[in-house]
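# Coordinate analysis (summary)
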Amino acid sequence: NAGVMQNPRHLVRRRGQEARLRCSPMKGHSHVYWYRQLPEEGLKFMVYLQKENIIDESGMPKERFSAEFPKEGPSILRIQQVVRGDSAAYFCASSDQRGTSTDTQYFGPGTRLTVL
Amino acid sequence: KQEVTQIPAALSVPEGENLVLNCSFTDSAIYNLQWFRQDPGKGLTSLLLIQSSQREQTSGRLNASLDKSSGRSTLYIAASQPGDSATYLCAVRPGTSYDKVIFGPGTSLSVIP
């Protein structure tokens, strides 16, 4: 059973370009979470999605960031018109349960975005 | 609002020592608490998950305890090895918004051979 997969692992963009980060959850998982780890800072929650639905986007910046998890295919985190402050490691996690105390999230290896 | 802190921020110990990492959280209403390991430039590896009804969990040389009433958890590492060098993250799933996980800032551990 393959783990959570993210691609690309490293992404370099120039200011103003778009960044697309992909996350394929573990087989059988229908819940996806995105987290961001800024340099010298801790991991912060961004968004929680189920298939075709955004459940909680309270951690998403109001502008330029969007996320989707279509019925088929990976979850996508899109950052439009990137700025240097977007440089960070973006982690995706998936789970197959919701709201139980044994629920655990399995994390992918992350995508490291560098904005020049 | 749930906040998670970890002390110390960094720790350096000689190989073979037993050590304790500390995690504190401000709201005792949690669903579970999890300890992760993160190696430089890598993803997260789950070490131990403690359910809200449990007091501790053990895996090999690792033991994690949970005291919800005082808002504390400790990760005990026995007989440390150089391969244990990494950043250790404490993460809480809140009781009021159980879908997201709130991470502490981490403890950077270095085990000297």
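Residues numbered from 1 in each chain as written. Chains lettered and ligands numbered in written order. Predicted model: local features only at pLDDT ≥ 70, side-chain atom pairs only at ≥ 80, totals over all residues. Heavy atoms only, no water.

## Some remarks on the overall build of chain A
Scanning chain A for helices and strands turns up 0 helices and 11 strands. Reading chain A from its N end, one meets helices and strands in the order β-β-β-β-β-β-β-β-β-β-β. With respect to the three principal axes, the spread of C-alpha positions in chain A is 40 × 30 × 25 Å. Within chain A, the fraction of its 116 residues that count as buried is 47%. Restricting to contacts in chain A with at least 6 residues of sequence separation, those with at least 24 account for 53%. In the structure as shown, chain A presents an accessible area of about 5,900 Å², 44% of it carried by carbon and sulfur atoms. Taking the 17 positively charged and 12 negatively charged side chains of chain A as two groups, their mean positions are separated by 7 Å. (Helix = DSSP H or I, 4+ residues; strand = E, 2+ residues; numbered from the N terminus. Buried < 20%, exposed > 50% of the residue type's maximum accessible area, 1.4 Å probe, protein only. Contact = heavy atoms within 4.5 Å. Areas by Shrake-Rupley, 256 points an atom, 1.4 Å probe, with all protein chains shown as cover. Lys, Arg positive; Asp, Glu negative; His and termini not counted. Charge placed at Lys NZ, Arg CZ, Asp CG, Glu CD.)

## Quick word on the sheet that holds strand β6 (residues 56–59) of chain B
Residue and element names in this part refer to chain B. Strands sit in the order β1-β3-β8-β7-β6 across an open sheet of 5 strands; the sheet is antiparallel. Edge positions in the sheet fall to β1 (4–7) and β6, since each has one partner strand and no second. Here the average twist between neighbouring strands, direction ignored, is 15 degrees. Where β6 lies against strand β7 (residues 62–67), 4 bridges are found, and the strand directions are antiparallel. Among the inter-strand pairings, E56 is bridged to a residue of β7, identified as S65. (Pairing = 2+ DSSP bridges. Axes fitted to C-alpha atoms, helices over the stretch in contact; angles between N-to-C directions.)

## A word on the interface of chain A and chain B
Every contact between the two is made by 22 residues of chain A and, on the other side, 20 residues of chain B. Carbon and sulfur atoms make up 49% of the surface buried where chain A meets chain B, a total of about 1,800 Å² over both sides. Here chain A and chain B share 1 salt bridge between them. A salt bridge links D56 of chain A to K100 of chain B, with the shortest nitrogen-to-oxygen separation between them at 3.8 Å. Here chain A is connected to chain B by 5 residue pairs in polar contact (both at pLDDT 80 or more). Among the elements of the structure, β4 (31–37), β5 (43–50) and β6 (53–56) of chain A are those that each provide at least two residues to the side of chain A that touches chain B. The class makeup of the residues in the side of chain A that touches chain B is 9 nonpolar, 9 polar and 4 charged. (Buried area = accessible area lost by both parts, 1.4 Å probe. Salt bridge = Lys/Arg side-chain N within 4 Å of Asp/Glu carboxyl O. Polar contact = N/O pair within 3.5 Å; in protein donor to acceptor, adjacent residues only side chain to side chain. Nonpolar A, V, L, I, M, F, W, Y, C, P; charged D, E, K, R; others polar.)

## Examining unusual backbone geometry
The residue after N7 of chain A, namely P8 of chain A, is reached through a cis peptide bond having omega -5 degrees. Along the chain, the position of P8 of chain A falls in the loop between β1 (5–7) and β2 (10–13). Even without being a glycine, E52 of chain A presents a positive backbone phi close to 65 degrees. Structurally, E52 of chain A can be placed in the loop between β5 and β6. Residue class for E52 of chain A comes out exposed when judged on its relative accessible area of 55%. Of note in this structure, A79 of chain B is not a glycine but carries a positive phi near 45 degrees. For A79 of chain B, the location among the structural elements is in the loop between β8 (72–77) and β9 (86–94).

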